Amino acid sequence: MNTQESLSTTSIIVRSAGILSSKVDSETILLGMEKSRYYGMVSTGSRIWDLLSSPISIGRIIDILVQEYDIEREQCMAEVVSFLAELLSEHLIDVK
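Residues numbered from 1 in each chain as written. Predicted model: local features only at pLDDT ≥ 70, side-chain atom pairs only at ≥ 80, totals over all residues. Heavy atoms only, no water.

### With respect to the environment of valine 42
Then step 1. When you line up the elements, valine 42 lands in strand β4 (residues 37–42).
Then step 2. Spatially, the C-alpha atoms of valine 42 and leucine 92 are 16 Å apart, while their sequence positions differ by 50 residues.
Then step 3. If we skip the residues at most four places from it in the chain, valine 42 touches Ser26 and Glu27. (Helix = DSSP H or I, 4+ residues; strand = E, 2+ residues; numbered from the N terminus. Contact = heavy atoms within 4.5 Å.)

See below:
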C-alpha cells in the first residue's frame, strides 16, 4: 500500500518532532533534521502546516480549507491527501 492510500479523512496528522519551521514573508520554511533538507511552502501549504501545530484529522483540514478557499470538497480532498502524503514520505508529519 502506498503512502497516499494509507491516509483517510479520519487519519489524525501532526507535525513530526524535530522539524524546525519559520515564516518568512508569506512562505513557511521547514528544516527536516532527519534528511537535513530545507522545504518551502506558500499559500495553502503554509496554511495546512499551521493547522498541523496540534493533532488534527484530514477531514477537519479539508473542512477548514473548503470554508477559506474557493474549492470543491472533492478537489480539496485529493489535493490535501496528495500534499500530506508527500510530507509523510519526507518524514515531516506523523499519522497518529
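### Structural notes on the sheet that holds strand β5 (residues 56–57)
Then step 1. With respect to topology, three strands assemble into an open sheet ordered β5-β1-β6, the strand pairing being antiparallel. Two strands lie at the open edges of the sheet, namely β5 and β6 (93–95), each paired on one side alone.
Then step 2. Where strand β1 (residues 12–15) lies against β6, three bridges are found, and the strand directions are antiparallel. Bridging from a neighbouring strand, arginine 15 pairs with isoleucine 93 of β6.
Then step 3. Packing against the sheet, helix α3 (residues 73–89) makes contact with β1 and β6, and its axis sits at approximately 105 degrees to β6. (Pairing = 2+ DSSP bridges. Axes fitted to C-alpha atoms, helices over the stretch in contact; angles between N-to-C directions.)

These values are about where atoms sit, not about what they do.
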